[in-house]
Each structure stands twice: as C-alpha cells, then as structure tokens.
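Given next are the chains, with one letter for each unit.
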Amino acid sequence: MKNALSAAMVLIGTFIGAGFASGREVYQYFGIFGKYGGAGIAISCIILGLFTYCTADNIQCLGEEVYIERICNFRWVKWFFNCYMLLIFCTMITAFGECLHQAFDFPKIYGVILIDFVAIIILYFGAEGLIKFNTFVTPVIVSGIFFALISEKTVNVFAYNNFVTSSVVYTSYNIISLPFVMSGMKKIFSSRKTIAACATIFGGIIFLLAVCVLKLLNAADVNDSIPILGVVSKNYVYVFILVLAMSMLTTAVANGYGFMSAVAVCKKHTLPFLGLFAILFSLFSFSFVVKYLYGFFGYMGIYILLINFYIFIKNREKPRKVKKNSNKLI
C-alpha cells in the first residue's frame, strides 16, 4: 500500500497542474455542461484509472525501454511527446506568473523567473528529485483544494450541453506525459495488486478534487486567467496561492523530467534550454494556451490511450497462447 500511495501521489502531482487547480480546465471541459459536468468527470476518471493500470502493467511486463519503444514506434509520436511535455512545462511556469499578477499585481516576469529557477533545481536531481518532491507536496495540494471549497463565497448556475467527447479529450491530453513519468517508477509497481491500488487511488482522488473545483467554479468569474482566486475568501488567498504554486511546480517538474527522458540529452544542455524557453513562452497568456492548444493535444492524445490499451491486450494474449500450446503437447 505504501508503494501504491507513493506512486499515486506522483501521478496526482503530475495531473493537477495550473489548469486543474486554477479551475480553467475544469470549466472549459466540464463546467460549461452544468448538471452533466459531474458525469463528464466520472467518465474521465474511469478512463484515467484504466489507463494507469494498463500503462503500469505494460511497463512491468515489457520493461521501461521496450515499452517506450512500443509507444514511440513512429517518429511523429516521439516529436509529439517532446512538444507536449515542453509545452506543459512552459505553461505551468507562465501560469504561476499570471497567478501572482492577478492576486497581488506582482510583475508577471518576476513570478515566471522565480518558479522557473525552482523547477530547474528540482529537475537537476532527476527521478529521485521528482518522486520525493511530488510525494511530499501533493498531499498539501489536495488538502488545499478541499480547503478552498470550504471558504467559497456565493453560488451561481451554468448552462449545459454535450459532455462525452469533452471528457475523452480532457483525459487524453492529460495522460500524454504519464508514460514517461511512470516508466521511471518500475520498482514501485512491484505487483498487479499495487498497480490496481495506485490506479484506484489516483482516479478516485482526481474525481473528488474535480467535483470540488466544479462546485467552486459556480461562484467564479470564468473570464479571469485564474478563476478560483475570485471565489476564495480574501483571508485565505495567500494559502491558495501557495497551493496553486505547488500544483504548477509539481506538473512542471514532472513534464520537464519527461521531456529530458524523451530527448535523452545531457542535463547540462537540456536544463538551460528548458529555463530560457519557458521565459520566452510566458509572452503567451495562460488562458490562450488552455483554449487553443490543450484541445489539439487532447485529440492527438487519444492515440496514446488506444496504443496503451492495445499493448495491454497483446500482453494478455501471449500467456494464453503459450498455455494452449503446452496443453496440446501434453
């Protein structure tokens, strides 16, 4: 159970980035559907849990290197992974700068440089730094989002529309970096029981948090870059700014680590590139990235979902075939 919790904390920290914790993503993909938003969240979390189980099992059966080769069997897939993880790293850095600016009128560029510097330091320590940081920080983020729910102000109601496609797209782009992050945790996935527990904890906590964020959005001004800041009581703004900063940092570090693993380039070259590119990327607004780029990667990420399920099924077929043949020989 300890291994399952540790792995789940890393995955939750990877998943809950600026888009989730700020409310921007949850509104974009679920809040606009009103009473059907909760159903959309449930669909997403079921897919998320199944994907986590299949991916961890694939890594355990095939090994990290063979597994990554299987999902990157086309050159465009590898480039897709690289671009996505670089994008998410930069987006988290940008979001933090906007968060400080919205809350305290602090110059965006200073916030960007601050969190960029911290992320690069954590990335310097590789997989060990990623696991230790996420395991320590993720429980604080989870508690903070529940705390924000208690301190909300007022409640309004959204309209509704279709939600199933939105749920699939939302899940598919959020899981793109997970294969690379999970491939560094093979030792943690010691048994299928641990894998199942990790998938259940991960999907369950994301469901509860998303429902909390959805309720908070009922009182939010969704035109703000960071909608949730508008519903948190002024007495607790400092607390929630810290929660947002941690959520952005955990996701930035996870995707930065995934990018470094994917490009397999020396840290001396990759880390300065990540740091400088993130600062330049901050010229774009956070809401622009969520609105126009996340959806595109969501449709592309469906491929990642399908190929993981395909590999999982193939891994199940092989033992059965061997058993059949052995029975014939007997």
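In what follows, the accompanying structure is described. The model shown is predicted, which means the values in this text are computed figures rather than measured ones.

A few words now on the nonpolar core. Core analysis: the biggest nonpolar cluster contains 101 residues, and Phe20, Phe81, Phe89, Leu123, Ile145 and Ile206 have the highest contact counts within it. The element that contributes the greatest number of residues to this core is helix 6 (residues 75-104), accounting for 16 residues. Not counting the four nearest positions on each side in its chain, Phe20 is found in contact with Phe15, Glu25, Val26, Ile145, Tyr170, Ile206, Leu209, Ala210 and Val213.

Interhelical geometry of helix 4 (residues 37-62) versus helix 9 (residues 164-174) gives an angle of 40° and a closest axis separation of 9 Å. Considering their axes alone, helix 4 and helix 9 lie oblique with respect to each other. Between helix 4 and helix 9 lies a crossing whose hand is right-handed. Only Val164, Ser167, Val168, Tyr170 and Thr171 of helix 9 make contact with helix 4, whose side of the interface consists of Gly40, Ile43, Ser44, Ile47 and Leu48.

Below, the discussion takes up the packing of helix 4 against helix 5 (residues 64-71). In a pair of packed helices, the angle between the axes and the distance between the axes together describe the arrangement. At a minimum axis separation of 7 Å, helix 4 and helix 5 run at an interaxial angle of 120°. As judged from the angle between their axes, helix 4 and helix 5 are oblique. Classified by chirality, the crossing of helix 5 by helix 4 is right-handed. Along the contact surface, helix 4 presents Thr55, Asn58, Ile59 and Leu62, while helix 5 presents Glu64, Val66, Tyr67 and Arg70. Among the residues forming the contact of helix 4 with helix 5, the class breakdown is four nonpolar, two polar and two charged.

The next thing to look at is the packing of aromatic side chains. Within the structure shown, the criterion is met by six aromatic pairs. Arranged with centres 6.3 Å apart and planes meeting at 20°, the rings of Phe259 and Phe273 form a pair that is stacked. Placement of the pair is Phe259 in helix 12 (residues 237-263) and Phe273 in helix 13 (residues 267-281), with a sequence separation of 14 residues. An aromatic cluster of at least three residues, connected via ring pairs, comprises Phe259, Phe273 and Phe277.

Next up on the list: the pattern of salt bridges. Taken as a whole, this structure holds two salt bridges when the rule is applied. A salt bridge links Asp57 to Arg192, with the nearest nitrogen and oxygen atoms 2.6 Å apart. You can see Asp57 sitting in helix 4 and its partner Arg192 sitting in helix 11 (residues 192-217), a full 135 residues away along the chain. Relative accessible area serves as the criterion here: at 43%, Arg192 is assigned to the partly exposed category. Here Lys108 and Glu98 are joined by a salt bridge, their closest N and O atoms 3.3 Å apart. Linking Lys108 in helix 7 (residues 108-124) with Glu98 in helix 6, this pair joins segments that are 10 residues apart in sequence. A relative accessible area of 22% places Lys108 in the partly exposed class.

Right, let's talk about a nonpolar patch on the surface for a bit. Together, Phe104, Phe106, Ile109, Tyr110, Ile113 and Tyr238 line one region of the surface with nonpolar side chains, adding up to about 610 Å² of accessible area. Per-element tally for the nonpolar patch: the top contributor is helix 7, with three residues. With respect to the element layout, Phe104 can be found in helix 6.

In this model helix 7 runs 25 Å from its N-terminal to its C-terminal C-alpha over 17 residues, within 8% of the 24 Å that 1.5 Å per residue would give. Of the positions making up helix 7, those classed as buried are Gly111, Val112, Ile115, Asp116, Ala119, Ile120, Ile122 and Leu123. The buried residues of helix 7 occupy an angular sector of 160° when projected down its axis, which confines them to one face. In helix 7, the exposed residues that point more than 90 degrees away from the buried face are Tyr110, Phe117 and Tyr124. Where helix 7 ends, the next residue or the one after it, Gly126, has phi of about 70°, a positive value.

Further remarks concern the environment of Ile195. Inspection of the secondary structure puts Ile195 in helix 11. Ignoring sequence-local partners within four residues, the contact set of Ile195 consists of Tyr53, Ala56, Asp57 and Phe189.

Positionally, Thr171 belongs in helix 9. A distance of 2.9 Å separates the side chain of Thr171 from the backbone oxygen of Ser167, its partner in a polar contact. Thr171 has contacts with Ser44, Ile47 and Leu48, leaving out every residue within four places of it along the chain.

Here is what the cut-offs are and how they apply
- Every chain's residues receive numbers from 1 upward, in the order its sequence appears when written.
- Since the coordinates come from a predicted model, pLDDT governs what is reported: local features require at least 70, and pairs of side-chain atoms require 80 or more to be given and counted, while whole-chain, interface and lining totals use all residues.
- To obtain the side-chain values, all non-hydrogen atoms of the structure were used and water was disregarded.
- Buried residues of nine kinds, namely Ala, Val, Leu, Ile, Met, Phe, Trp, Tyr and Cys, make up a nonpolar core once their side-chain atoms join them within 4.5 Å.
- The buried label goes to any residue with under 20% of its type's maximum accessible area, the exposed label to any with over 50%, and the partly exposed label to all in between, with areas taken from a 1.4 Å probe on protein chains only.
- Per the convention used, a helix needs a DSSP run of H or I reaching at least four residues, while a strand needs a run of E reaching at least two, with both numbered from the N terminus.
- By definition, residues are in contact when any of their heavy atoms lie within 4.5 Å.
- Fitted lines through C-alpha atoms serve as axes, helices being fitted only where they are in contact, and the angles separating the N-to-C directions of these axes extend from 0 to 180 degrees.
- Throughout, the term roughly parallel applies to angles under 35 degrees, roughly antiparallel to angles over 145, roughly perpendicular to angles from 65 to 115, and oblique to all others.
- Each helix crossing is assigned a hand: it is left-handed if the near helix lies turned anticlockwise from the far helix by less than a right angle, otherwise right-handed if that turn is clockwise.
- As a working rule, the residues Ala, Val, Leu, Ile, Met, Phe, Trp, Tyr, Cys and Pro are called nonpolar, Asp, Glu, Lys and Arg charged, and the rest polar, with Gly in that last group.
- Note on aromatic contacts: the rings of Phe and Tyr and the six-membered ring of Trp form a pair at centre separations within 6.5 Å, being stacked when their planes are under 30 degrees apart, edge-to-face when over 60 apart, and tilted otherwise.
- The working definition used for a salt bridge is a side-chain nitrogen of Lys or Arg within 4 Å of a carboxyl oxygen of Asp or Glu.
- Patches draw on residues past 30% relative accessible area with no salt bridge. Two like charges within 9 Å are joined, as are two nonpolar side chains (Val, Leu, Ile, Met, Phe, Trp, Tyr) within 5 Å.
- Residue-level accessible areas treat just the shown protein chains as cover; the underlying method is Shrake-Rupley with a 1.4 Å probe.
- What a helix is expected to span follows from its residue count: subtract one and scale by 1.5 Å.
- Here the arc refers to the directions that run from the helix axis out to each C-beta atom.
- Under the rule applied, a polar contact is a pair of N or O atoms within 3.5 Å (in protein, one hydrogen donor and one hydrogen acceptor; residues adjacent in sequence only if both atoms are side-chain atoms).

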